[in-house]
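# Structural overview for review
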Amino acid sequence: MRNMAAPIDRMGLLLLTLLPVLFSISDAVDRSNFKTCEQSAFCKRQKDVKPGQSPYRALLETLELSDTRLTLQLINDNNKVRLLLELYRLQGNMTRVKINELKPLKPRYEVPDVLVKDPPTEPLSVLNRDENGMVLSLGADSQRLIISARPFRLDIVDGPNVLLSINSRGLLVFEHLRLRKDTKSETDTEQDVEQNVADKDEGEEEVKEEEDQPGMWEETFKSHSDSKPNGPTSISLDFSFPGVEHVYGIPEHADTLKLKSTEGGDPYRLYNLDVFQYELHNPMALYGAVPVLLSHTTDRTMGVFWLNAAETWVDISSSASVQGGSEKSQTDVRWISESGIIDVFVMLGPRPTDVFSQYASLTGTQSFPPLAALAYHQCRWNYNDQEDVKAVDDGFDEHDIPYDFIWLDIEHTDGKRYFTWDPLKFSQPREMLQNLKDKKRKMVTIVDPHIKVDSGYKIHKEISSKGFYIKNKDGGDYEGWCWPGNAGYPDFTKPEMRAWWASMFAYDQYEGSMENLYTWNDMNEPSVFNGPEVTMHKDALHGTWEHRDVHNLYGFYVQMATAQGLIQRSGGVERPFVLTRAFFAGSQRYGAVWTGDNAAEWGHLKMSIPMCLSLGLVGISFCGADVGGFFKSPNPELLVRWYQAGAYQPFFRAHAHLDTPRREPWLFGPENTALIREAVRQRYTLLPYWYQLFYHAHRTGQPVMRPLWVEYPENAATFAIEDEFLLGKDLLVHPVTDEGSRGVTAHLPGEGEVWYDVHTYKKHQGNQNLYIPVTMNSIPVFQRGGSIISRKERVRRSSLCMQDDPYTLYVAVNAQGTAEGELYIDDGHTFNYEKQQFIHRRLTFAEGELSSSNPSPDSQFSTASWIEKVVFMGVTKPNAATLRTAGGLESALEFEFEPATELLSLRKPGVNAGADWTIQLR
């Protein structure tokens, strides 16, 4: 077998050698590599079902009600198949709807590990019931769940208003497991038939056979065959949102923030794929899939979480109807998945913040990253060797540009064998890492989940010997082509495999690694160069489950195992940093994501904003795009503008393709170097604010980077804005994303609000569209009146070098003359904050008095940092400024006042950042 496979291996390696060349001359994604709905048999079947009278009815006599759930049987009157409906009222104003076969031939896949716990329930009570249906109380004053029996339909109402209808369009389709007709005669004995009859409940009708359709039992795409041993298993359900025009979410797509109608075209597809140089404004699947959709109106925000890891299509249509003499909009959303069960969480809000909290209670919050991970990262495919790494590192010092992480792509390994180093180019990895550590910097290396099939490679040998590889349909180890050539794919759905993988990050296992080495998981869709749609065959096996059932979970599990490895190697002390390309619901618990293989084009710069905003809406706050674009070469203007935008996005990393010219920040002339330096420095001064935002995201599930409508939910003018965004609630950013731009128009929200330009301190009224002239050094950023933001203005070569540096407080006063904010400090890298080892200060300004108090009296931490300066925006000139410490000491403070901008600067209060103090302006 080895000799027979050798020619194929050589062909694979030849193909891999040519891939970068092929990539470099191609302009965009080859759509023919990826299925349309018409080419996906289950999607086509489901799309052929048109809205109308549903064949499903509820058998009300089967109702069972307990303290935790309601169950009810549904029957399809066409084929007599029975389903089991389970309804749960969950704590926190959520409803869960599950539908499965009542008696499946074998178990259907239910997604594990994504929910952080079994969601706590509250009792459901029946308020009314007759032969047509029933009304259940959902706890809130006027919220009800109405079950209609014939045809089956669910409506969630609040008083007279229908919030959401399920199966109102009759698109519930549940393809039941069945025996293949041409094999039944061989497998079914007379005894089997008699047993099936005996198993039937009294009164249960005989299941009627349905005609087989193309693609039910096998399907071919290009040269690839999908055997489908379980036959048709797809599911579909429709949701209608009366009064709703705006829906968001279901990342990842390179498309607008507000989801578009898919009528007349393909639905949005959720199927994790390695898409080379993706197109913009396209519903095609990309690297990650989060099956969460949000609806928003001026009255209410809601969410739908479709917990299914199989290939999924989401069809969106809009309509309008006349009700009460006025036209009312409606958005209809249909979910279609290839396998599994229907398991849906309806999050009823009503405010955006409520939906974020509800979703976080289900899948967890954003992991709290080490502070350094929020700083600037420098990467390319690939830094050539240790000398190259040192030269780039020295270049940042020479040009006075801070950075925290330098990254190594696949070429740093020994022949694409992960957990190894190239023995010639990276012969002394610990020495390299120590040099970085001495400068308080760190490194990230790539560790991908395709493992070179090589009997001399430790990682492969152990995975193989332990039986941890995914299997092909015939039971052998599944193999495909990826960067190393012939590769095996570990089965990360197995807890034992994840535990073993985590153990490989131990310092004595990953030779050459140190505590300042972190990890990047790429190609984990999984990418299979010679597989269907550049991914794994769906009939590959994860134990008893097919890959089709678990596909969108694969990257989630890879990142989970890697993050656990980084935690374990430190004995549970250090917080991990892991970047992933593929992701699913819940991936936020394990690290950061990026938007994949973008291009050096203005459109891709623009698209980075709605892509990251969409991810933030579904829990994944730690998002960024490759600064400068991965493919192609940016001109200096585009590169500068991308740095300026990236400096205000959560994950800030420059990255570039192997075939692109080098583009370190100092290679475009002194003028552009200065502009990039300034953008990066702005990021570093704001690190205290970024860190505070991520702390709150970790605690509460609220997004870091958010659309304007999240904070201004009643302002319809904000609902489709995607060229500007908020960081927290207090900074508004409008990056310049048009070539040759001489100005941008920013919407400053909020009737009665004021906004301050952070560069000029000029005050602007809210609820207006403001034209802002720009030059190449402009990054339009505004601080909300009524906020206090902490900065560190002594920028050094890395964030760790700034650890004990002092803070400057920026107090932006609102129309009422008040402001409030916070300051959060911990050690920046361990889990000790969970043991109350942090400083959390509440900052308030009212009636001329600024004070710092402690809202967390049980916390214990000390810092050497102090308050160096306080800047007030929007105040009148005081006669005096007095500092009073907790010990009662008073001292006069020096100050400067600029009447034109109402800017007051107090110098050197000199108090410790963790202390109680008050500053009085008289």
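Residues numbered from 1 in each chain as written. Predicted model: local features only at pLDDT ≥ 70, side-chain atom pairs only at ≥ 80, totals over all residues. Heavy atoms only, no water.

## Some details on the packing of aromatic side chains
Applying the stated criterion across every chain, the model contains 49 aromatic pairs. When the centroid spacing of 5.0 Å and the interplanar angle of 65° are considered together, the rings of Phe419 and Phe505 count as edge-to-face. With Phe419 in the loop between strand E23 (405–408) and helix H7 (429–438) and Phe505 in the loop between helix H9 (495–503) and strand E28 (517–521), this residue pair connects regions lying 86 residues apart in the sequence. A relative accessible area of 7% places Phe419 in the buried class. By relative accessible area, Phe505 is classed as buried at 1%. Each ring, one from Phe419 and one from Tyr510, has its centre 5.4 Å from the other, and the planes form 80°; the classification is edge-to-face. You can see Phe419 sitting in the loop between E23 and H7 and its partner Tyr510 sitting in the loop between H9 and E28, a full 91 residues away along the chain. In this pair, the class of Phe419 matches that of Tyr510, namely buried. Feature note: the residues Phe405, Trp407, Tyr518, Trp520, Phe577, Trp594, Phe622, Phe651 and Phe694 constitute an aromatic cluster, connected by ring pairs. Positioned above the aromatic ring of Tyr518 is the side chain of Arg569, whose terminal nitrogen or guanidinium carbon lies 5.5 Å from the ring centre. Geometry around Trp690 places Arg683 over its ring, the cationic atom sitting 4.2 Å from the centre. (Phe/Tyr/Trp six-rings, centres within 6.5 Å; stacked < 30°, edge-to-face > 60°. Helix = DSSP H or I, 4+ residues; strand = E, 2+ residues; numbered from the N terminus. Buried < 20%, exposed > 50% of the residue type's maximum accessible area, 1.4 Å probe, protein only. Lys NZ or Arg CZ within 6 Å of the ring centre and 35° of its normal.)

## Observations regarding helix H5 (residues 352–363)
Three or four residues apart is the spacing at which side chains of an α-helix point the same way, because the helix has 3.6 residues per turn. A rise of 1.5 Å per residue sets the reference length of H5, with its 12 residues, at 16 Å; its end C-alpha atoms lie 17 Å apart and thus fit the reference within 8%. The element H5 is largely enclosed, with a buried count of nine among its 12 residues. Taken together, the buried positions of H5 are occupied by Pro352, Asp354, Val355, Phe356, Gln358, Tyr359, Ala360, Leu362 and Thr363. Once H5 ends, the next one or two residues include Gly364, with phi positive near 95°. (Expected span 1.5 Å × (residues − 1).)

## So, the pattern of salt bridges
Enumeration over the complete set of coordinates arrives at 61 salt bridges. Linking Glu175 and Arg45 is a salt bridge whose minimum nitrogen-to-oxygen distance equals 2.8 Å. Here Glu175 is found in the loop between strand E11 (173–174) and helix H3 (181–187), whereas its partner Arg45 is found in helix H2 (residues 41–48), with 130 residues between them in sequence. The salt bridge partner of Asp332 is Arg169, with a shortest N-O separation of 3.8 Å. With a gap of 163 residues between them, Asp332 in strand E20 (residues 326–337) and Arg169 in the loop between strand E10 (161–166) and E11 connect regions that are remote in the sequence. The exposure class assigned to Asp332 is buried, which follows from its relative accessible area of 6%. Linked by salt bridges that have partners in common, Asp226, Arg269, Glu311, Glu338, Glu533, Lys538, Glu546 and Arg548 make up one network. (Salt bridge = Lys/Arg side-chain N within 4 Å of Asp/Glu carboxyl O.)

## A look at the packing of H9 against helix H11 (residues 554–569)
Between H9 and H11, whose axes approach to 7 Å, the crossing angle comes to 45°. By the angle between their axes, H9 is oblique relative to H11. Crossing angle aside, the handedness with which H9 passes H11 is right-handed. Along its contact with H9, which presents Arg498, Trp501, Ala502 and Ser503, the element H11 presents Tyr557, Val558, Met560, Ala561, Thr562, Gln564, Gly565 and Gln568. For the contact of H9 with H11, the per-class residue count stands at six nonpolar, five polar and one charged. (Axes fitted to C-alpha atoms, helices over the stretch in contact; angles between N-to-C directions. Parallel < 35°, antiparallel > 145°, perpendicular 65-115°, else oblique. Left-handed = near helix turned anticlockwise from the far one by under 90°. Contact = heavy atoms within 4.5 Å. Nonpolar A, V, L, I, M, F, W, Y, C, P; charged D, E, K, R; others polar.)

## A few points about the pairing of E28
Most of E28 is tucked away, with five of its five residues classed as buried. Relative to E28, strand E24 (residues 442–446) runs parallel, the two being bridged by four bridges. Opposite Val444, over in E28, you have Tyr518 as the bridge partner. Relative to strand E31 (residues 578–580), E28 is paired through three bridges, and the arrangement is parallel. When the sheet's bridge partners are listed, Thr519 is paired in E31 with Val578. (Pairing = 2+ DSSP bridges.)

## What about unusual backbone geometry?
The step from Pro251 to Glu252 runs through a cis peptide bond, and the omega angle for that step is 25°. Mapping Glu252 onto the fold places it in the loop between strand E15 (246–249) and strand E16 (268–270). At the junction of Gly349 and Pro350, the peptide bond is cis and its omega measures out at 15° in the coordinates. Checked against the element boundaries, Pro350 lands in the loop between strand E21 (342–347) and H5. A positive phi angle is found at Lys80, which is not glycine, with a value near 70°. A positive phi angle, near 50°, is found at Glu847, a position not held by glycine. Inspection of the secondary structure assignment puts Glu847 in the loop between strand E46 (839–846) and strand E47 (849–853).

## Quick look at the sheet that holds strand E51 (residues 895–898)
The sheet built from 11 strands is open, its strands ordered E50-E49-E53-E47-E46-E45-E43-E44-E48-E52-E51 with mixed pairing. Of all strands in the sheet, those bounded by a partner on one side alone are strand E50 (890–892) and E51. Averaged over all pairs of adjacent strands, the angle between strand axes in this sheet comes to 15°, irrespective of strand direction. Note that strand E43 (residues 787–791) and strand E45 (residues 819–825) share two bridges and pair parallel. Bridged to Ser787 within E45 is Glu820.

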